[in-house]
Amino acid sequence: MDFNLKKLTSDAGVFFTRAVQFTEEKLGSAEKTELDAHLENLIARADCTKNWTEKIFRQTEVLLQPNPSARIEEFFYEKLDKKIPSRITNGELLGQYMMDAAKDFGPGTPYGSTLITVGEYQKRLGGAEREFLQTSAINFLTPLRNFLEGDWRTISKERRLLENRRLDLDICKARVKKAKQAEAKAAAEQELRVAQTEFDRQAEVTRLLLEGISSTHVNHLRCLHEFVEAQVTYYAQCHQYMQELQKELSSANSDTYPNSFSSNAHPSTTCPSPVSSSTLPGAAPPGLITSGPNSTREPAGPLKIQDVQPPATGHRKAKVLYDYDAHDASELSLLADELITVYTVPGMDPDWLVGERGNQKGKVPVTYLELLS
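Predicted model, so just to flag it, every value in this text is computed and none were measured.

**Student:** Which residues make up the nonpolar core, and what values do they have?
**Tutor:** Grouped together as the largest cluster of nonpolar side chains are 37 residues, with contacts concentrated most on Leu 35, Leu 39, Phe 132, Leu 162 and Leu 210. Those elements giving two or more residues to this core turn out to be helix H2 (37-64), helix H4 (90-105), helix H5 (110-178), helix H6 (182-211) and helix H7 (213-256). At 16 residues, the largest contribution of residues to this core is made by H5. Those residues in contact with Leu 35 that lie beyond four places of it in its chain are Glu 40, Ile 43, Leu 162 and Phe 199. Formed by 16 residues, the second largest nonpolar core is a distinct cluster that contains Ala 318, Val 342, Trp 352 and Leu 353.

**Student:** So what's going on with the sheet that holds strand S6 (residues 360-365)? Residues and values would help.
**Tutor:** Strands in a sheet are paired, the pairing made by backbone hydrogen bonds, and the direction either parallel or antiparallel. With antiparallel pairing, 5 strands are arranged side by side in an open sheet as S6-S5-S4-S3-S7. Across the chains shown, the open sheet's two edge strands, defined by having one partner strand only, are S6 and strand S7 (369-371). Averaged over all pairs of adjacent strands, the angle between their axes in this sheet comes to 40°, without regard to strand direction. Relative to strand S4 (residues 339-343), strand S3 (residues 316-320) is paired through 4 bridges, and the arrangement is antiparallel. In the strand pairing of S4, Lys 317 is matched with Thr 341.

**Student:** Got a sec to walk through the pairing of strand S5 (residues 352-357)? Specific residues and values, please.
**Tutor:** Inspection of the sheet shows S4 paired to S5 by 3 bridges, in the antiparallel sense. Bridging from a neighbouring strand, Tyr 343 pairs with Val 354 of S5. Note: S5 against S6, 6 bridges, orientation antiparallel. By the bridge assignment for S6, Glu 356 is matched with Lys 361. Counting the residues in the hairpin turn of S5 and S6 gives 2 residues, including Gly 358, whose phi is positive at 65°.

**Student:** Which residues make up the packing of H2 against H6, and what values go with them?
**Tutor:** For the pair H2 and H6, interaxial distance at closest approach is 10 Å and the crossing angle is 45°. Comparing their axes, H6 and H2 come out oblique. Two packed elements cross with a definite hand, and for H2 against H6 that hand is left-handed. The residues of H6 that touch H2, namely those facing His 38, Leu 39, Leu 42, Ile 43 and Ala 46, are Ala 203, Arg 207, Leu 210 and Glu 211. Within the contact of H2 with H6, the residues separate by chemical class into 6 nonpolar, 1 polar and 2 charged.

**Student:** I'd like a rundown of H2, residues and numbers included.
**Tutor:** For an α-helix, the turn length of 3.6 residues means that residues three or four places apart are oriented alike. Relative to the 40 Å expected for 28 residues at 1.5 Å per residue, H2 spans 40 Å between its end C-alpha atoms, a close match to the ideal helical length. Inspection of H2 places Leu 39, Leu 42, Ile 43, Ala 46, Thr 49, Thr 53, Phe 57, Thr 60 and Leu 64 among the buried residues, and these make up the whole buried set. Backbone nitrogen of His 38 and a side-chain oxygen of the N-cap are separated by 3.2 Å at the start of H2; the cap is Asp 36.

**Student:** Please set out the packing of H2 against H5 residue by residue, giving values where relevant.
**Tutor:** Where H2 meets H5, the closest approach of the two axes is 10 Å, and the angle between their N-to-C directions is 150°. Accordingly, the angle class assigned to the pair H2 and H5 is roughly antiparallel. Handedness of the crossing formed by H2 with H5: left-handed. Classifying every residue of the contact of H2 with H5 by side-chain character gives 16 nonpolar, 4 polar and 6 charged.

**Student:** Help me get a handle on the pattern of salt bridges, residues and values and all.
**Tutor:** Summed over the entire model, instances satisfying the criterion amount to 17 salt bridges. Notably, a salt bridge pairs Asp 168 with Arg 18, separated by 2.8 Å at the nearest N-O pair. Taken together, the residues Asp 168 in helix H5 and Arg 18 in helix H1 (residues 2-27) connect sequence positions 150 residues apart. Like Asp 168, the residue Arg 18 is buried in the burial classification. The salt bridge partner of Glu 198 is Arg 165, with a shortest N-O separation of 3.9 Å.

**Student:** Describe in detail the packing of aromatic side chains, supporting the description with residues and values.
**Tutor:** The tally for this structure, following the rule as stated, stands at 8 aromatic pairs. For the ring pair Phe 105 and Tyr 111, a centre distance of 5.4 Å and an interplane angle of 20° mean the geometry is stacked. What makes Phe 105 partly exposed here is its relative accessible area of 46%. Using a relative accessible area of 52% as the deciding quantity, one classes Tyr 111 as exposed. Aromatic side chains Phe 147 and Trp 152 sit 6.3 Å apart centroid to centroid with 50° between the ring planes, which places their arrangement in the tilted category. In terms of burial, Phe 147 and Trp 152 fall into one category: buried. Taking the ring centre of Trp 52 as reference, the NZ or CZ of Lys 55 above it sits at 4.6 Å.

Calculation criteria
Residue indices begin from 1 for each chain and proceed along its sequence in written order. Whole-chain, interface and lining totals are the exception, using all residues; otherwise, since this is a predicted model, local features are given only for residues with pLDDT of at least 70 and side-chain atom pairs are given and counted only at 80 or more. Neither water nor hydrogens contribute to the side-chain values; these are computed over all heavy atoms in the structure. Within this scheme, the nonpolar core is defined by two criteria: the residues are buried Ala, Val, Leu, Ile, Met, Phe, Trp, Tyr or Cys, and they are joined through side-chain atoms within 4.5 Å. Residue exposure (1.4 Å probe, protein chains only): buried if accessible area is under 20% of the type maximum, exposed if over 50%, otherwise partly exposed. Secondary structure follows DSSP: runs of H or I at least 4 residues long count as helices, runs of E at least 2 residues long count as strands, and numbering of each begins at the N terminus. Contacts are residue-level and defined by heavy atoms, with any inter-residue pair within 4.5 Å sufficient. Between any two strands, pairing holds if DSSP finds at least two bridges. Axes, fitted as lines to C-alpha atoms, cover a helix only where it is in contact. Angles between the N-to-C directions of the axes lie from 0 to 180 degrees. Put simply, angles under 35 degrees are roughly parallel, angles over 145 are roughly antiparallel, angles from 65 to 115 are roughly perpendicular, and the rest are oblique. Put simply, a crossing is left-handed when the front helix is turned counterclockwise from the back one by less than a right angle, and right-handed when it is turned clockwise. In this classification, the charged set is Asp, Glu, Lys and Arg, the nonpolar set is Ala, Val, Leu, Ile, Met, Phe, Trp, Tyr, Cys and Pro, and all remaining amino acids, among them Gly, are polar. Here the expected span of a helix is defined as 1.5 Å times the quantity of residues minus one. What qualifies as a polar contact is a pair of N or O atoms within 3.5 Å, subject to a donor-acceptor requirement within protein and to the restriction that residues adjacent in sequence count only when both atoms come from side chains. Basic side-chain nitrogens of Lys or Arg form a salt bridge, by our definition, when they fall within 4 Å of a carboxyl oxygen of Asp or Glu. Stacked, tilted and edge-to-face are the three classes applied to pairs of Phe, Tyr and Trp rings, where Trp contributes its six-membered ring and a pair requires centres within 6.5 Å; stacked means planes under 30 degrees apart, edge-to-face means over 60, and tilted covers the rest. Any Lys NZ or Arg CZ that is within 6 Å of a ring centre and within 35 degrees of that ring's normal is treated as a charge sitting over the ring.

Laid out in structure tokens, this is it:
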């Protein structure tokens, strides 16, 4: 008990002396032994490696497991040296839900059969994700963690010892300067030589450990390549699965709904039919023309827009207000907000104009247009 008490008292005295030396150095009232430039550079490089490795490690954890609760659970399992329980991926869970829903909706229905197909591929995607997570954790996360929790802790411990040896060295230097009597000065110089030897030895140990950071970079470079390879494999599998799923869905839908995937189909906004003057009271019925007040009505032949030559003047630009689907070959389909060229031809219904879009030409209703000056 007496020995332990003496050791505790001695350690407390050393700690206090070092604290005084450290404080005086910060205040500028005591000299400080500087480390050589090479060792300072190694320390700065090691600190940079530690800081960025820690950030990369934490963000990779977030990438591989976005759920904070799951990360905390895995952390505790690792600290307890227990096997992390297998956890179903979100893709696998979604696929299972889809397949279970198909049983209730009816696997023979279009929706049910499609749910089964998509669900199977979602489970494949989930399986690929599981393999990616496991491979990345082993080949990339584990080496980074081993460095932070193993090598870096050793380096930090030796650096603290080096700092203590430096403080002891500077304390001995101060004692030599303050010694007046020859005996006291000789004893102080002896302590200084011992402190210098211990400092030099610890500086060499620390230097060797810090130079090992280069090997750490080489190891992490190899792990980084393996992480990228795992990503390439994972995303290639996902791309392959989605292409296969797309083909299956396209084939199934084209069999069930033959016209639903037509490349010429274009949805149009439903708008009221344009009001024609032919529907007003007293107007000539559609398809009849008159040449004068006493003339007889004669059926008018079909207007072939392709055969109509536009007059030399009268061209105007018009903005389309609504989508319009042509009812026959003589009409021109329109898309809202597009600009077309319009003009009139003699004898044409005033509620209609001839519209041109590139090489396309046809009748267009006036009420669907905004004529521009």
